[in-house]
Amino acid sequence: MCESLTRRQLLKYGAMVAATFPFAKVGLEGWSLAAEAQTGFAVPMHLELVTVTDTSAILTWFTGDPTQPDEFGRPAPVAAPGRVLLGSQASGTLAEVESHDPTPYHYVELTGLTPGTTYIFVAESNGVPALRTTISPAGAVLSPTDVDTSNGGLFTTLVPPPGAEIGRIAWVNDLHVGESVSGLAYSDDRLPGGGFPPGFAADPDNPYWRFMTEAMTAEAAARGATLLLANGDVTGSADPAQVGNARRLLDGFGTLGRGEQGPDGVRLVAAGSAPTYFVTRGNHDRAHAGPEYADCSPVEGRPELYDCYRDTFAASFVPGTTRFAVSFGTDTHRYRFVGLDSNDIATGAGQMPDEQIDFLAAHLDAGEATIPLFHHPVGDRATVFAVPPVVFGVRPDQASGFRAALADRDNFAGVYNGHTHRNLRTTSTETGDVPYFEGGAVKEYPGGYTIVRLFEGGYMVNFYKSSTPEARAWSERSRGEYLGLYPYYTLGELGDPTGSTRSTPASAVTRASHPRTGPTPAGRPETGPRARAATSRPRAEVASRPA
């Protein structure tokens, strides 16, 4: 998510940050888990309701000492025990449902909940309720006045879409494998912290991109995903070492580009088959010039550019392109995911030329419920706020053309984008209530992955923070990026990827000699119970009323 800023913008944003965070310190020091735990006041804070599903919810919080700030003004981590009290809103009573040993980084997954039920909760350490994150989403519901949960909150579990569950996939983006500094909007080694704002350096012996990606692949598989879609910025700068490391890390989930070849170039992946993954290209994965790239294939028509990314991940793509299509499901119901390349090959700027739209249109013609994915956002909000030179989305005219091409497609079921590092779900005036998802980054706060559960009658989207000890520690530390402003930008609300459902029927397949013969078009997806749960943003008051 690195973009060039004008001098005027740099001064403007610098003045804003200086006025807002007068005590923040500037520095770029190495970080190691070995130096994390300290002694001092264990103040429970940053309580967040990260995920809400139909039968579970995840809470996280932090215990630290505000009197011991680090170079970024963040409280020193202090270990303390924790517990969670839970009860149904109907009963109005709370009981302890979980307790754990001392840690600064508290992560509690509540299971066995009842779908469509409202719960009240309190999370605490050393008998002190954890303070909710200071960011409250619009429409957050406070605790009922007749129940003393002033430092807790309430949430309502999701109701799954109709029909049987078909299978599970993982959406991930912005791994930035090989990156050395996190949290830079503008890179410049001449500035303190490696750019603006000051960044958080990786531990060279244990870089965050490595343990965050390892945690993501292991946990996504453990949660039942058998298809993983990595939606761009897989690497930091796509040099041979980075693409090699990224390939090895993602191979920890499964085999790249597995699946039977269909008649229209689609890969057929059975929901119960061995794990596989596919990738799209992000702006950091673009072709580059320079001697360190010269062993890779040159770009046609641009002999000064070398495309190491396409070389390494060629098995993900239709030959000769950087696109793919995957039909995933069972013999009777399937969804199709179409990966596009939204990058200018030389600059990484967002674009959506006709050839990409034509590729998507051809696969929509197959009739399966279809979700395109590509790195740069393409929704209305991304277009409205695209102010050069900070344009995070697809070029506005081409974004509008993309949406217009999908406006009358009954089987267009959603869009998945990355790049912004935030959890967000929006819609477009041109395509009705079809959701446009943006996903939080793997490599930094909120630090995780999205699980999409596919049903015969729709799908459910839930964001999860990675939960290994290293991932928890780094997520808490990197929430201090942008001089503490980062959670205001990245946190979602209930109904964002923190947890949402959509009634979007999968294609019913008439089985003949081929699993895709005779698909029955799904009909315009109706908006289901937009149950708020965890999709892509771990926000302390998300989908089901965060902490």
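In every chain, residue numbers begin from 1 and rise along the written sequence. A pLDDT threshold of at least 70 governs which residues receive local features in this predicted model, and a stricter bar of 80 or more applies before side-chain atom pairs are shown or counted, although totals over entire chains, interfaces and linings include all residues. The basis for every side-chain value is the complete set of heavy atoms in the structure, and neither hydrogens nor water enter the calculation.

Peer 1: How would you explain unusual backbone geometry if you had to name every residue and give the values?
Peer 2: The omega torsion across Tyr445 and Pro446 is 5°, close enough to zero to call that bond cis. By secondary structure assignment, the location of Pro446 is in the loop between strand E27 (432–438) and strand E28 (448–455). Phi angles above zero are rare outside glycine, and Ala238 is one such case at about 55°. Helix and strand labels come from DSSP, where a helix needs a run of H or I of at least four residues and a strand needs a run of E of at least two; each type is numbered from the N terminus. When you line up the elements, Ala238 lands in the loop between strand E15 (227–231) and helix H3 (240–250). Its identity as a non-glycine residue notwithstanding, His421 has a phi of 65°, on the positive side.

Peer 1: Tell me about the state of the cysteines, residues and numbers included.
Peer 2: By definition, disulfides here are pairs of cysteine sulfur atoms that lie within 2.5 Å. This model, assessed by the stated rule, comprises one disulfide. Each sulfur of the disulfide joining Cys296 and Cys308 lies 2.0 Å from the other. In this structure the cystine formed by Cys296 and Cys308 twists about its S-S bond by roughly 95°; its chirality is therefore right-handed. Here the residue Cys296 occupies a position in the loop between strand E19 (276–280) and strand E20 (298–299), and Cys308 occupies one in helix H4 (residues 308–312), the gap between them amounting to twelve residues. Buried residues are those whose accessible area, probed at 1.4 Å on protein chains only, stays under 20% of the maximum for their type, while exposed residues exceed 50% and partly exposed ones sit between those limits. On the accessibility criterion, Cys308 (1% relative accessible area) is buried.

Peer 1: Residue-level account of the packing of helix H2 (residues 208–222) against helix H8 (residues 469–478), with values.
Peer 2: Think of two packed helices as two axes; the pair is described by the angle between the axes and how far apart they sit. Every axis in this analysis is a line fitted to C-alpha atoms, fitted for helices over the stretch in contact. Angles between the N-to-C directions lie between 0 and 180 degrees. Closest axis-to-axis distance for the H2/H8 pair is 9 Å, and the angle between their directions is 125°. Classified by the interaxial angle, the pair formed by H2 and H8 is oblique. When you trace H2 past H8, the crossing you get is left-handed. Of H8, the residues touching H2 (which contributes Tyr208, Phe211, Met212 and Ala215) are Glu470, Ala471 and Trp474. By the definition adopted for this analysis, an angle is roughly parallel if under 35 degrees, roughly antiparallel if over 145, roughly perpendicular if from 65 to 115, and oblique otherwise. Here a crossing is taken to be left-handed if its near helix is turned anticlockwise relative to the far helix by less than a right angle, and right-handed if that turn runs clockwise. Residue contacts are defined here by distance: any two heavy atoms, one from each residue, within 4.5 Å place the two residues in contact.

Peer 1: So what about the pairing of E19? Which residues, and what values?
Peer 2: By the criterion of burial, E19 is predominantly enclosed, with five of the five residues buried. Alternating positions in E19 separate into two faces, Thr276, Phe278 and Thr280 on one and Tyr277 and Val279 on the other, with burial throughout. If DSSP finds at least two bridges between two strands, the strands pair. In the sheet, E15 pairs with E19 via five bridges, with the strands oriented parallel. Along E19, the bridge assignment pairs Asn231 with Thr280.

Peer 1: Describe the nonpolar core, naming the residues involved and giving the relevant values.
Peer 2: If you look at the biggest cluster of nonpolar residues, it comprises 43 residues, and the most contacted ones within it are Leu228, Leu250 and Phe313. For this core, the element with the highest residue contribution is H2, accounting for seven residues. In this structure Leu250 touches Leu175, Met216, Thr217, Leu228, Val234, Tyr277, Val279 and Phe313, once residues within four positions along its chain are discounted. The nonpolar core is taken to be a set of buried Ala, Val, Leu, Ile, Met, Phe, Trp, Tyr and Cys residues, with the residues joined through side-chain atoms within 4.5 Å.

Peer 1: Explain the environment of Ser316 residue by residue, including any values.
Peer 2: By the secondary structure assignment, Ser316 is in the loop between H4 and strand E22 (324–329). Discounting chain neighbours no more than four positions away, the residues touching Ser316 are Leu256, Phe278, Val279, Arg323 and Phe324.

Peer 1: Help me get a handle on the pattern of salt bridges, residues and values and all.
Peer 2: Only one rule defines a salt bridge in this text: a Lys or Arg side-chain nitrogen within 4 Å of an Asp or Glu carboxyl oxygen. Tallied over the full model, the rule gives 23 salt bridges. Of the charged contacts, one joins Asp380 and Arg403 as a salt bridge, the two residues approaching to 3.1 Å between their closest N and O atoms. Of this pair, Asp380 sits in helix H6 (residues 380–384) while Arg403 sits in helix H7 (residues 396–406), and the two are 23 residues apart along the sequence. Here Asp380 falls in the buried class, since its relative accessible area comes to 17%. We note a salt bridge from Glu438 to Arg422, for which the minimum N-O separation is 2.6 Å. Residue Glu438 is located in strand E27, and its partner Arg422 is located in the loop between strand E25 (415–417) and strand E26 (424–428); the two are separated by 16 residues in the primary sequence. The two residues Glu438 and Arg422 agree in class, both being buried. Connected through salt bridges with shared partners, the residues Asp54, Glu165, Arg168 and Arg453 form a single ionic network.

Peer 1: Describe the packing of aromatic side chains, and please don't skip the residues or the numbers.
Peer 2: Under the pairing criterion, centres of Phe, Tyr and Trp rings, with the six-membered ring standing for Trp, must be within 6.5 Å; the plane angle then separates stacked pairs below 30 degrees from edge-to-face pairs above 60, leaving the rest tilted. Tallied over the full model, the rule gives 14 aromatic pairs. Considering the side-chain rings of Tyr482 and Tyr486, the 5.2 Å spacing of their centres and the 15° angle between planes classify their relative orientation as stacked. When sorted by exposure, Tyr482 lands in the same class as Tyr486, which is buried. Summarising the aromatic geometry, the rings of Tyr486 and Tyr489 are spaced 6.3 Å apart at their centres and angled 35° between planes, so their arrangement reads as tilted. You can see Tyr486 and its partner Tyr489 sitting in helix H9 (residues 486–490), three residues apart, about one turn around the helix.

Peer 1: Would you mind going over the environment of Phe278 in detail, with residue names and values included?
Peer 2: Among the secondary structure elements, Phe278 is positioned in strand E19. Taking the C-alpha atoms as reference points, Phe278 and Gly339, 61 residues apart in sequence, are found 8.4 Å from one another. Dropping the residues within four chain positions of it, Phe278 is found in contact with Leu227, Leu228, Leu229, Ala230, Leu256, Gly257, Arg258, Arg267, Ser316, Phe324 and Val326.

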